[in-house]
Amino acid sequence: MPLTCRGRVRGQEPSRGDVDDALGKFSLTLIDSLDTLVVLNKTKEFEDAVRKVLRDVNLDNDVVVSVFETNIRVLGGLLGGHSLAIMLKEKGEYMQWYNDELLQMAKQLGYKLLPAFNTTSGLPYPRINLKFGIRKPEARTGTETDTCTACAGTLILEFAALSRFTGATIFEEYARKALDFLWEKRQRSSNLVGVTINIHTGDWVRKDSGVGAGIDSYYEYLLKAYVLLGDDSFLERFNTHYDAIMRYISQPPLLLDVHIHKPMLNARTWMDALLAFFPGLQVLKGDIRPAIETHEMLYQVIKKHNFLPEAFTTDFRVHWAQHPLRPEFAESTYFLYKATGDPYYLEVGKTLIENLNKYARVPCGFAAMKDVRTGSHEDRMDSFFLAEMFKYLYLLFADKEDIIFDIEDYIFTTEAHLLPLWLSTTNQSISKKNTTSEYTELDDSNFDWTCPNTQILFPNDPLYAQSIREPLKNVVDKSCPRGIIRVEESFRSGAKPPLRARDFMATNPEHLEILKKMGVSLIHLKDGRVQLVQHAIQAASSIDAEDGLRFMQEMIELSSQQQKEQQLPPRAVQIVSHPFFGRVVLTAGPAQFGLDLSKHKETRGFVASSKPYNGCSELTNPEAVMGKIALIQRGQCMFAEKARNIQNAGAIGGIVIDDNEGSSSDTAPLFQMAGDGKDTDDIKIPMLFLFSKEGSIILDAIREYEEVEVLLSDKAKDRDPEMENEEQPSSENDSQNQSGEQISSSSQEVDLVDQESSEENSLNSHPELLSLADVDNAASISPSEQTSNPTENHETTNLNGECTDLDNQLQEQSETEEDSNPNVSWGKKVQPIDSILADWNEDIEAFEMMEKDEL
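These numbers come from a predicted model, not from an experiment.

Moving on: the overall build of the protein. Broken down by element type, the protein carries 29 helices and 27 strands. Expressed as a percentage of the 855 residues in the protein, the buried residues total 55%. Partitioning the contacts of the protein with sequence separation of at least 6, the portion at a separation of at least 24 is 71%. As presented, the protein carries roughly 37,500 Å² of accessible surface, and 48% of it is formed by carbon and sulfur atoms.

Okay, structure coming up:
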């Protein structure tokens, strides 16, 4: 704690939540920085530090810690310290008394972590009690169901090293099993993995995928496990994932999260600071160009804010302002300098050191930045600052003679601990090849090389890296990266166009300008879709014409992929009770299970909220939902489980309402509710999904009118005018002639309303369906692009259309019934004119209210 000048002890300071799971009362910073002392040639201090660890550190504490953090920081720190201790002992000057004491502590800790792997999947629990393990009452842990991919996939280096050092194979076996399970659970069509996974079922809990927080070191350890252990299967897995990353996530110079099932769809519009390690990993892979591009983009962000914000948007605004002195960017800078020898990266390192000394240094250390915009500090200096940041910055500037051992004989763990490469030939009791895995045949050069080769990467061109960086110099200030990434024509072979099809928005004027430059015309069709046509002769140059051709090809591929995904079309929830009478139609997402509304008759019924509202257990109010359409909230269990619970309670249908407040079909793409991976044929009722904004309309209607009836269908149905009249009082004593006069009067009044209203009826005879069609047809266009001011148009058209329909239907009805039976009393069918006018006024007021609600 550099501001208050004392150490942070678990339990003695106010809890900071999950971040404190790294603390186990085991002198974290002391252990994590052991091998840093040797790198910095502080061998005497290293020897003293090892003695302190052996004398003072206790691993048998009643503390719940993170398995992931304890592995990479403490187990890795002990193994790194042991690796350099035996190296120094062999040199004959220091550590002559050392007898593998750090290794014995590492082995003790390894056995304390093993109970976490007691799951059917082999994925470890995210937390464990150092003293009591898992699930025991006194352990206070073991009830978790989810873990992050990196948490389960960042064990192999430390656990395999522990097995190779000690001969106890169990550690490597457990770590391999966890990696094997993650590999088998990858999304097969995209070859991507999600952020969090259920450790018992293997279901993906968070289905977004990137190279930052939650996944980062899983990819890193696949490649480094191959380097350290020599097992080809790890390299094959890494290359398969890497191909998917470069295909979907890499949007140079950006790295954006996508959905694993829809990899062409970005999952968010911001990036986190942890992805800064990825250029360094790309250097180890041998893919230097994108490494240079992403690193340069990150450097421009740092120059703007002095530090890399914890998260920042695609237009380089601060998303999360804190900066805990993370070392990932310094790590990538070191690897890029090692690969290129370009002194530019020494200047980058100098900037990092100057900023640390100027903005973060305090009397008792270096304080994390609470807000990079204001420069405020946080009383925090994490152990990784000394374990990684100091190490990488020192190595960046060190000459070979400055280091007392050959750094090339070691591999860095994700915490920058050093493990010797000779472990690959020691105690090999594990089968090298995983014969059960299948690997994708890739049509690129991913398998050509695995280590940097300057003859291949930089063909006698010392300015190669500079030529890649140059177009990105002003990328942050201009905040338009995609339009700026233009390099010299000599480097354009195989390059992607400056505008990606997946990013295109028809309402973005910059995108339209790029299209114009590429000779691409945009045509708005009457049905709301957008048509693209390219004329090469209209392009600004031959290079722009080529870009336009690539863009069109990419758009065709995108459209083709979306068609292959066979998305079910959206469904409709129509409120048919008073005073809505079918005028309000809500766009709903379909389900991949239950009654198919496109093949069966629509379902109509009153709605009722289920208890519990999440529908994840047996309903406590079955009498309330019996024979009705149940409302349930998204979250906490699978959609299919909710459906079964309300079906068992007697519901005739279900509407799942999003728990993400403010979500709307206007701004979010519709999705279909998936099953639970089991047989869902037992679900016989229809299930639909509404976003929060649409769902609140039904909930508000229930609060105001109590009884709300809805229609679940594949598309909105025509309103029945008799349905409205049935709700209104009628006069029993009116004569037929009076009825005729009243019909005539009401028709004139309706016509008057028609004339006074905006006449925009040409779109569709049932304009409420237009929004549904737009969402379906314009799959690659954002909702904001579908129509100009769609709310106003749809509502006005809907009102006009319904007025005219009612007028015509009433007249046709009167003529038909009058001809067929002149003696029939019309009193039950027709209201007094005052009642009709009052009804229409009520309807108009309702629509005005809807406009305020942005319907």
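After presenting the structure, the write-up continues.
Moving on to the pattern of salt bridges. Counted under the stated rule, the structure contains 40 salt bridges. Glutamate 378 serves as the salt-bridge partner of arginine 380, at 4.0 Å between the closest nitrogen and oxygen. On the basis of relative accessible area, arginine 380 is assigned to the buried category, the value being 15%. One continuous salt-bridge network, built from bridges that share partners, spans Arg10, Asp18, Asp21, Arg127 and Glu144.

Helical periodicity: at 3.6 residues per turn, an α-helix aligns residues three or four positions apart in one direction. Along its 14 residues, helix H3 (residues 43-56) runs 20 Å from first to last C-alpha, staying within 8% of the 20 Å computed at 1.5 Å per residue. Along H3, the residues classified as buried are Thr43, Phe46, Glu47, Ala49, Val50 and Val53. Viewed along the axis of H3, the buried residues span an arc of 160°, placing them on a single side of the element. Lining the buried residues of H3 we find helix H1 (28-32), helix H2 (34-39), helix H4 (67-91) and helix H5 (101-113).

So, about the pairing of strand S26 (residues 687-690). A two-sided burial pattern is seen for S26, the buried positions comprising Met687 and Phe689 on one face and Leu688 and Leu690 on the other. Pairing geometry for strand S25 (residues 653-657) and S26, over 4 bridges, is parallel. Bridging from a neighbouring strand, valine 656 pairs with phenylalanine 689 of S26.

All told, the structure shown has 3 disulfides when counted by the stated rule. Residue cysteine 5 pairs covalently with cysteine 364 via a disulfide, S to S 2.0 Å. Since a negative S-S torsion denotes a left-handed disulfide, the cysteine 5-cysteine 364 link at about 95° is right-handed. Linking cysteine 5 in the segment before H1 with cysteine 364 in the loop between strand S13 (361-362) and strand S14 (365-366), this pair joins segments that are 359 residues apart in sequence.

Glancing now at the confidence of the model for the protein. Across the protein, the average pLDDT comes to 80, with 75% of residues at 70 or higher. Per-residue pLDDT stays below 50 along residues 452-456; that stretch engages in 7 contacts with residues further than four places along the chain or on separate chains. Within the model, the stretch residues 480-494 combines pLDDT values under 50 with 39 contacts to residues more than four positions away or in other chains.

Moving on to the packing of helix H12 (residues 288-305) against helix H13 (residues 328-340). Following both chains from N to C, one finds H12 and H13 inclined at 135°, their axes separated by 11 Å at the closest point. Viewed along their axes, H12 and H13 adopt a mutual orientation that is oblique. Note on packing geometry: the crossing formed by H12 with H13 is left-handed. Here Ile288, Ala291, Ile292, His295, Leu298, Tyr299 and Ile302 of H12 lie close against H13, whose contacting residues are Phe329, Ser332, Thr333, Leu336, Ala339 and Thr340.

As a further point, take the nonpolar core. Ranked by size, the top nonpolar core spans 170 residues in total, and within it Phe405 and Phe551 carry the most contacts. It is H4 that provides the largest number of residues to this core, a total of 12 residues. Ranked by size, the runner-up nonpolar core spans 21 residues in total, among them Val584, Ile629, Ala701 and Ile702.

Further remarks concern the sheet that holds strand S12 (residues 318-320). Overall, antiparallel pairing links the 3 strands, which are arranged S10-S11-S12 in an open sheet. Bordering the open sheet on either side are strand S10 (270-272) and S12, each of which pairs with just one other strand. Each adjacent strand pair in this sheet contributes to an overall mean axis angle of 30°, direction not counted. Two elements, strand S11 (residues 311-313) and S12, share 2 bridges in a ladder whose sense is antiparallel. Bridge assignment links alanine 311 to a residue of S12, and that residue is tryptophan 320.

Once that is clear, we can look at unusual backbone geometry. Each neighbour pair has its own omega, and for proline 252 with proline 253 the value is 0°, a cis peptide bond. Topologically, proline 253 is positioned in the loop between strand S7 (250-251) and strand S8 (254-255). Each neighbour pair has its own omega, and for lysine 611 with proline 612 the value is 0°, a cis peptide bond. Tracing the backbone shows proline 612 in the loop between strand S23 (603-609) and helix H22 (622-625). For aspartate 100, which is not a glycine, the phi torsion comes out positive at approximately 65°. Given the relative accessible area of 30%, aspartate 100 is considered partly exposed. Backbone geometry places arginine 135, a non-glycine residue, at a positive phi of 75°. Secondary-structure assignment places arginine 135 in the loop between strand S2 (127-129) and strand S3 (146-148).

Further remarks concern helix H20 (residues 509-517). Buried residues of H20: His511, Ile514 and Leu515, and no others. Each buried residue of H20 sits inside an arc of 100° when the element is viewed along its axis, so together they form one side. Those residues of H20 that are exposed and aimed more than 90 degrees away from the buried face are Pro509, Glu513 and Lys516. Just downstream of H20 lies glycine 519, where phi reads positive at about 80°.

Right, let's talk about the sheet that holds strand S4 (residues 196-198) for a bit. Paired through their backbone hydrogen bonds, the strands of a sheet run either parallel or antiparallel. Spatial strand order, S3-S4-S5: 3 strands in an open sheet with antiparallel pairing. Strands at the two margins of the open sheet, each flanked by one partner only, are S3 and strand S5 (204-206). For this sheet, the mean inter-axis angle between neighbouring strands, taken without regard to orientation, is 35°. As defined by bridge partners, S3 adjoins S4 across 3 bridges and the pair is classed as antiparallel. Bridge pairing in S4 places cysteine 148 opposite threonine 196.

Time to look at the side chain of threonine 196. By the secondary structure assignment, threonine 196 is in strand S4. Within the structure, the side chain of threonine 196 is placed 3.1 Å from the backbone nitrogen of arginine 206, a separation counted as a polar contact. Once you skip the residues sitting within four places of it in the chain, threonine 196 turns out to touch Thr147, Cys148, Thr149, Trp204, Val205 and Arg206.

Attention now moves to the packing of aromatic side chains. One pass over the full model with this rule turns up 27 aromatic pairs. Here tyrosine 299 and tyrosine 344 contribute two aromatic rings whose centre-to-centre distance is 6.1 Å and whose plane-to-plane angle is 90°, an arrangement assigned as edge-to-face. You can see tyrosine 299 sitting in helix H12 and its partner tyrosine 344 sitting in helix H14 (residues 344-360), a full 45 residues away along the chain. For tyrosine 299, a relative accessible area of 6% gives the class buried. Judged by centre distance (6.2 Å) and plane angle (85°), the rings of phenylalanine 335 and phenylalanine 412 are edge-to-face. Taken together, the residues phenylalanine 335 in helix H13 and phenylalanine 412 in strand S17 (residues 410-412) connect sequence positions 77 residues apart. Since its relative accessible area comes to 6%, phenylalanine 412 is described here as buried.

Cut-off values and rules
- Residue positions are counted from 1 within each chain, in the order its sequence is given.
- Given that the model is predicted, a residue must reach a pLDDT of at least 70 before its local features are reported, and side-chain atom pairs must reach 80 or more before they are shown or counted; all residues, however, enter totals for whole chains, interfaces and linings.
- Note that the side-chain values use all heavy atoms of the structure and ignore hydrogens as well as water.
- Counting from the N terminus, the helices are DSSP H or I runs at least four residues long and the strands are E runs at least two residues long.
- Each residue is assigned to one of three classes by its accessible area relative to the maximum for its type, calculated with a 1.4 Å probe on protein chains only: buried under 20%, partly exposed between the two thresholds, exposed over 50%.
- Contacts: residue pairs with any heavy atoms within 4.5 Å of one another.
- Per-residue and other accessible areas follow the Shrake-Rupley method at a 1.4 Å probe size, with only the shown protein chains counted as cover for residues.
- Between Lys or Arg on one side and Asp or Glu on the other, a salt bridge is scored when a side-chain nitrogen of the former is within 4 Å of a carboxyl oxygen of the latter.
- Any helix carries an expected span of 1.5 Å times its number of residues minus one.
- The arc in question is the one spanned by the directions pointing from the helix axis to the C-beta atoms.
- The rule for pairing is simple: two strands pair if DSSP sees at least two bridges between them.
- The rule for a disulfide is simple: a pair of cysteine sulfur atoms within 2.5 Å.
- Scored from 0 to 100, pLDDT records how confident the predictor is in each individual residue.
- For helices, the fitted line uses only the C-alpha atoms of the stretch in contact; every axis is such a line through C-alpha atoms, and the angle between N-to-C directions lies from 0 to 180 degrees.
- Orientation is classified from the angle alone, with under 35 degrees giving roughly parallel, over 145 giving roughly antiparallel, 65 to 115 giving roughly perpendicular, and any other angle giving oblique.
- Definitions for this section: a left-handed crossing has its near helix turned counterclockwise from the far helix by less than a right angle. A right-handed crossing has that turn clockwise.
- What is meant by a nonpolar core is a set of buried Ala, Val, Leu, Ile, Met, Phe, Trp, Tyr and Cys residues, joined one to another through side-chain atoms within 4.5 Å.
- By the criterion applied in these results, polar contacts are pairs of N or O atoms within 3.5 Å in which, for protein atoms, one can donate a hydrogen and the other can accept it, and in which residues neighboring in sequence qualify only through two side-chain atoms.
- For this analysis, a ring pair means two rings from Phe, Tyr or Trp (six-membered ring only for Trp) whose centres lie within 6.5 Å, classed as stacked if their planes differ by under 30 degrees, edge-to-face if by over 60, and tilted for the remaining angles.

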